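Below are the chains, spelled out letter by letter.
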Amino acid sequence: MKAIVVLLALAALGSAKPQYIEMLNKLGELDFKQMFADLKKESEVQDIIEYLDNLTIDVDYYVDNLQWIIQKLHANDTAGIPGVDFHHRTRRHPMTGTTMITSLADTVSMLPIRQLRATFNEKMAKNELFRTAIEGLKSDRFLTLYKALWKNQAFLKVSDTLADYHFDLKYIFEELALSLLGQNDPVQVTFQIQFDEFVDIIVNMESPHWLRQLGGYKSFPEFRKSLDALSKTKLVDHYPRIGADSPAFAKVDRFLKRHGIFVAYWADRTDFLTEYFAKNDHAIGCNEIIPTQESHRSRRHPMTGRTMHTFLADTVSLLPIRQLQSLFNEKMENNAIFKNAIEGLRTNDFKELYNALWTDTEWMNLVDELRTKYDFDLKYVIEELAPALYGQNVPLYTSFQTQFDEFFEIIIANAGDTINGLLEAYKQNDAFKTSLDTLDNTVFIQLYQDLRKLQVFQTLDAYLKRNDVYVPYYIDRFEYLTYRLNTNVTAVGDLEIKKQSASTRKDVTPSGTTLADFLADVVNILPKSELAALYTKKMSENTVFSTAVNSLTSAEGKKMYNDLWQNRTFQAVANAYANFDFNFRYIFETFVPALYGQ
């Protein structure tokens, strides 16, 4: 057992801070054996030693081993201890401070609790000597002796002396010792450990799409510069400094720790992940990311910018909110530790401390530094990204786009099979197939990037984004749909196209042979009344939706749109696609509004 403790402690020493080293040096100078010999003169100490002896627990053995451990750590000596290899452990815990007591706490957090507990249970069942000792330590008699020990002045003097070196005997007896037997969870990481269950959902469901997005962002110099700089810094190094310099942060930190939330853990995980992002590794810890060439996801979101901030925002938009929310609700019902942490964050006491933090000079200096150097917005990360990882917010910046899927579901449910039948009929025509092939092989998102070089297009695009209308989203969805149209369509993303019976299916005769004819026929068979009813409901009840729509129909929006059509470069692009029966004006002014029942 002592080898385990030394092994973990030596690993922590590899990146220890000066205060940690200073305390260790001083502890190395103490003579624990002599201190204990002096304490044996006290009656309360004698009573507890005698009781433990009867349980075959030799206190001298543990004192000797404590002296041995301190000397090993002091000398940074690994002789006789199994070698330490790099650990690819994803459920890890960082240094939560710079002192001896935080070192001990972090050592507890790294213990393999499950395996230790299994050994403990096995010995309780099969080893009578072990079981007798443990039962004796749980008895009322031992509790009485233990309480008396903490009232003895000589013992308290020794305890205070060790506390000056940040060596907390109470923590050793009541936390560390129990943890070595697997008998308590490391409280400081229990909430954190559960986060990995949410990460598992994200990696398993969305990692290919996220990896594709990361690769796209890496083509932008602005993002690459921020990511490279962020991956080389250590956010966790800011933790002890800001804790010492900012009283407001210290209060928040203490409150969070009381509820099992450790800021240093999250800073360390961020450092850990940005290193992987910079390398573009295909794994996060032990979770393999399997990239795919084609996404079969319906509710996806494209890149909405070129910076670290928009990357984080787009990452939120990719999260499987429904599944994450389901796990969150299950934990709130069944997991007391998780519930306690979340309820702590929701209290008025915490809200007051948190609001005060954002008026603190030292904290705001750190916020400004991270935003300036790395485009890393702490306020967004804390208030938007973090809750989203637990399924606790909807990405508002894509809310108008997200609502489009509600209209799309109506279309698939009511007319999907009919549209599919119409499509199969049109595919018999060479003119239609040529146009569809051309669209399927066009990278429209690249066209969007090229058009953004036009000031008139850039102005309109910026206006639409301010009103939550993202052109790249619709381009991305269009690329996805043209691919599906050009293959055998049985489902669109998560939406299955169900075959209707001959009596209920509405067969439509093609009105022509071209792509333009097909689009017009689709408009004619859309479930207009159902779509219009949903549109009217959203315009009256949903301010996000109505704000976006009103921006498109406002005088300002119409002027920008008309100005775009006056631009000769844009006209040339539109004319080129019109040659393939893909009329931009018809798409923008007739087809898209029809999808909303308008």
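The model shown is predicted, which means the values in this text are computed figures rather than measured ones.

What follows concerns the side chain of Ser226. By secondary structure assignment, the location of Ser226 is in helix α13 (residues 221-232). Residues within four places of Ser226 in sequence aside, it is in contact with Met308, Tyr374 and Asp375.

All told, the structure shown has 18 salt bridges when counted by the stated rule. With a closest N to O distance of 3.2 Å, Lys538 and Glu406 form a salt bridge. Taken together, the residues Lys538 in helix α29 (residues 528-541) and Glu406 in helix α23 (residues 399-426) connect sequence positions 132 residues apart. For Glu406, a relative accessible area of 33% corresponds to the partly exposed category.

A word on a negative patch on the surface. On the surface, Asp47, Glu50, Asp53 and Asp58 cluster together to form a negatively charged patch. Position of Asp47 relative to the elements: it lies in helix α4 (residues 43-54). Since its relative accessible area comes to 38%, Asp47 is described here as partly exposed.

Time to look at the nonpolar core. Core analysis: the biggest nonpolar cluster contains 60 residues, and Phe223, Phe311, Leu312, Phe338, Trp363, Phe376 and Tyr390 have the highest contact counts within it. Looking at this core, the element that brings in the most residues is helix α12 (residues 190-217), giving 10 residues. Among residues more than four places away in sequence, those in contact with Phe338 are Phe191, Gln194, Phe198, Phe328, Lys331, Met332 and Tyr390.

Bringing the environment of Ala425 into the picture now. With respect to the helices and strands, Ala425 occurs in helix α23. Ala425 sits in the partly exposed class, given a relative accessible area of 29%. Along the chain, Ala425 and Phe518 lie 93 residues apart, while their C-alpha atoms are 9.8 Å from each other.

Let's shift gears to the packing of helix α26 (residues 455-466) against helix α31 (residues 555-566). Between α26 and α31, the least distance of the axes is 9 Å, while the angle of their chain directions is 155°. Classed by the angle they form, the pair α26 and α31 counts as roughly antiparallel. The two elements α26 and α31 meet at a crossing, and its hand is left-handed. Each of Val456, Phe457, Thr459, Leu460 and Tyr463 in α26 lies in contact with α31, whose residues at this interface are Glu556, Gly557, Met560, Tyr561, Asp563 and Leu564.

The next point concerns unusual backbone geometry. The backbone phi angle of Thr56 is positive, close to 60°, even though this residue is not glycine. As for its placement among the helices and strands, Thr56 is situated in the loop between α4 and α5 (59-75). The phi angle at Asp375 is positive, at roughly 55°, despite the residue not being glycine. Along the chain, the position of Asp375 falls in the loop between α21 (361-374) and α22 (378-389). For Asp375, a relative accessible area of 23% puts it in the partly exposed group.

Across all of its chains, the model carries 41 aromatic pairs by this definition. Relative to Phe311, the ring of Tyr217 lies with its centre 5.4 Å away and its plane at 75°, an arrangement referred to as edge-to-face. Of this pair, Tyr217 sits in helix α12 while Phe311 sits in helix α17 (residues 308-318); the two residues are 94 residues apart in sequence, bridging distant segments of the chain. Classification of Tyr217 as buried rests on a relative accessible area of 0%. Put simply, the rings of Phe478, Tyr561, Trp565, Phe570, Tyr577, Phe582, Phe584 and Phe588 pair up and form one aromatic cluster. Between the NZ or CZ atom of Lys331 and the centre of the ring of Phe338, over which it lies, the distance is 6.0 Å.

Before going further, it helps to spend a moment on the packing of α29 against helix α30 (residues 543-553). Running from N to C, α29 and α30 cross one another at 100°; their axes reach a closest spacing of 6 Å. Between α29 and α30, the angle is such that the two are roughly perpendicular. Contact with α29, carried on its side by Tyr535, Lys538, Met539 and Glu541, involves Thr543, Phe545, Ser546, Val549 and Asn550 of α30 and no other residues of that element. Taken together, the residues of the contact of α29 with α30 sort by class into four nonpolar, three polar and two charged.

In this section: the environment of Gln571. The topology assignment puts Gln571 in helix α32 (residues 568-578). On the basis of relative accessible area, Gln571 is assigned to the partly exposed category, the value being 30%. Along the sequence, Gln571 and Phe584 sit 13 residues apart, while their C-alpha atoms lie 9.7 Å from each other. Those residues in contact with Gln571 that lie beyond four places of it in its chain are Trp565 and Gln566.

Averaged over the protein chain, the pLDDT score is 79; the fraction of residues at 70 or greater is 80%. In the model of the protein chain, helix α1 (residues 2-13) stands out as the element of lowest mean pLDDT, 40, in contrast to α31, which has the highest, 93. Predicted confidence is poor over residues 81-92, with pLDDT under 50, and the contacts of this stretch with residues over four places away or in other chains come to 20 contacts. Across residues 285-289, confidence stays below pLDDT 50; counting only partners more than four residues off in sequence or on other chains, it has 19 contacts.

What counts, and at which threshold
- Residues numbered from 1 in each chain as written.
- Predicted model: local features only at pLDDT ≥ 70, side-chain atom pairs only at ≥ 80, totals over all residues.
- Heavy atoms only, no water.
- Helix = DSSP H or I, 4+ residues; strand = E, 2+ residues; numbered from the N terminus.
- Contact = heavy atoms within 4.5 Å.
- Salt bridge = Lys/Arg side-chain N within 4 Å of Asp/Glu carboxyl O.
- Buried < 20%, exposed > 50% of the residue type's maximum accessible area, 1.4 Å probe, protein only.
- Patch = residues over 30% accessible without salt bridge, like charges linked within 9 Å, V, L, I, M, F, W, Y side chains within 5 Å.
- Areas by Shrake-Rupley, 256 points an atom, 1.4 Å probe, with all protein chains shown as cover.
- Lys, Arg positive; Asp, Glu negative; His and termini not counted.
- Charge placed at Lys NZ, Arg CZ, Asp CG, Glu CD.
- Core = buried A, V, L, I, M, F, W, Y, C linked by side-chain atoms within 4.5 Å.
- Axes fitted to C-alpha atoms, helices over the stretch in contact; angles between N-to-C directions.
- Parallel < 35°, antiparallel > 145°, perpendicular 65-115°, else oblique.
- Left-handed = near helix turned anticlockwise from the far one by under 90°.
- Phe/Tyr/Trp six-rings, centres within 6.5 Å; stacked < 30°, edge-to-face > 60°.
- Lys NZ or Arg CZ within 6 Å of the ring centre and 35° of its normal.
- Nonpolar A, V, L, I, M, F, W, Y, C, P; charged D, E, K, R; others polar.
- pLDDT = per-residue confidence, 0-100.

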